[in-house]
Structures are given as C-alpha cells and as structure tokens.
Amino acid sequence: QVQLVESGGGLVQAGASLRLSCAASGRTFSSYGMGWFRQAPEKEREFVATVSWSGGYTRYADSVKGRFTISRDNAKNTVYLQMNSLKPEDTAVYYCAATNDYYSDSFKRYDYWGQGTQVTVSS
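Model, not experiment: these values are computed from the prediction.

**Overview of the pattern of salt bridges**
Thought 1: In the structure shown here, the tally under the stated rule is 6 salt bridges.
Thought 2: Across the pair Asp-62 and Lys-65 runs a salt bridge, and its minimum N-O distance is 3.1 Å. Assigned by exposure class, Asp-62 and Lys-65 land together as exposed.
Thought 3: The salt bridge involving Arg-109 is made with Asp-101; its shortest N-O contact spans 2.7 Å.
Thought 4: On the basis of relative accessibility, which here comes to 45%, the residue Arg-109 falls in the partly exposed class.
Thought 5: Taken together, the shared-partner salt bridges connect Arg-38, Glu-46, Arg-67 and Asp-90 into one network.

Parameters at a glance
- Residues numbered from 1 in each chain as written.
- Predicted model: local features only at pLDDT ≥ 70, side-chain atom pairs only at ≥ 80, totals over all residues.
- Heavy atoms only, no water.
- Salt bridge = Lys/Arg side-chain N within 4 Å of Asp/Glu carboxyl O.
- Buried < 20%, exposed > 50% of the residue type's maximum accessible area, 1.4 Å probe, protein only.

If you want it as structure tokens, here you go:
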C-alpha cells in the first residue's frame with residue numbers, strides 16, 4: 001500500500017509555471033506506475049500524464065503535451081509535474097495517483113490517490 005501527498009499548487013497568472021510534487025510513503029514506490037489527473041468544477045476527472053516504474057516511459061494528454069513534464073525520483077519516492085505556459089483552462093484540483101500497472105492513462109486503473117492540490121490560473 002502507498003500513501004500520496006501532493007504539494008506545489010497555487011494561484012498564478014497565465015503563462016507562468018508551477019511544479020507539483022507528490023511524495024509517496026512505502027518502500028515499493030518504484031514498483032508503481034504513477035499518474036497525474038485533474039478535475040475542474042462541474043467536470044469529470046481527466047488524465048494529465050503518466051510515468052512508468054523506472055521513469056523511462058511517459059504519456060500525456062493532448063491538452064498538456066509540450067507544456068507539462070512528468071518525472072519521478074525513485075530514490076526520493078517522489079513524482080513531479082512541471083507545468084509551463086499555464087492557461088486558465090488548466091485550473092483544477094490536481095491529483096497524484098499510483099497504479100500497479102507499468103503505466104496507465106485510465107483513472108480506473110489507479111488504486112491509490114492523494115488528496116489533491118488546487119491550481120488556479122488567472123487570465
């Protein structure tokens with residue numbers, strides 16, 4: 001089992017950058033695929049990015065491709081989401097999640113979730 005705690009959210013202007021972090025507990029962090037999802041008010045939770053166990057494979061939603069970068073440091077039990085060129089439509093609560101799959105873009109495949117961190121982008 002793994003527990004996840006996100007941090008790094010905040011209020012920024014359009015065009016700015018933020019880096020989200022997700023700290024995981026447990027000794028088997030490197031055996032989980034990790035993902036970031038987001039949920040805006042009155043919208044369904046949507047996939048943002050995923051990274052494989054070793055960090056060698058990543059996948060992104062089309063809406064963030066080229067602007068966001070997911071990475072992980074297994075020595076620190078942490079996964080990151082670097083968000084550049086933020087847009088107002090990126091405003092949402094961002095969730096970190098862990099899956100037993102190598103990686104996944106489906107929220108249904110994730111067994112462990114953090115509490116979320118709010119990102120607000122003003123125009």
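Don't stop here, the text continues.
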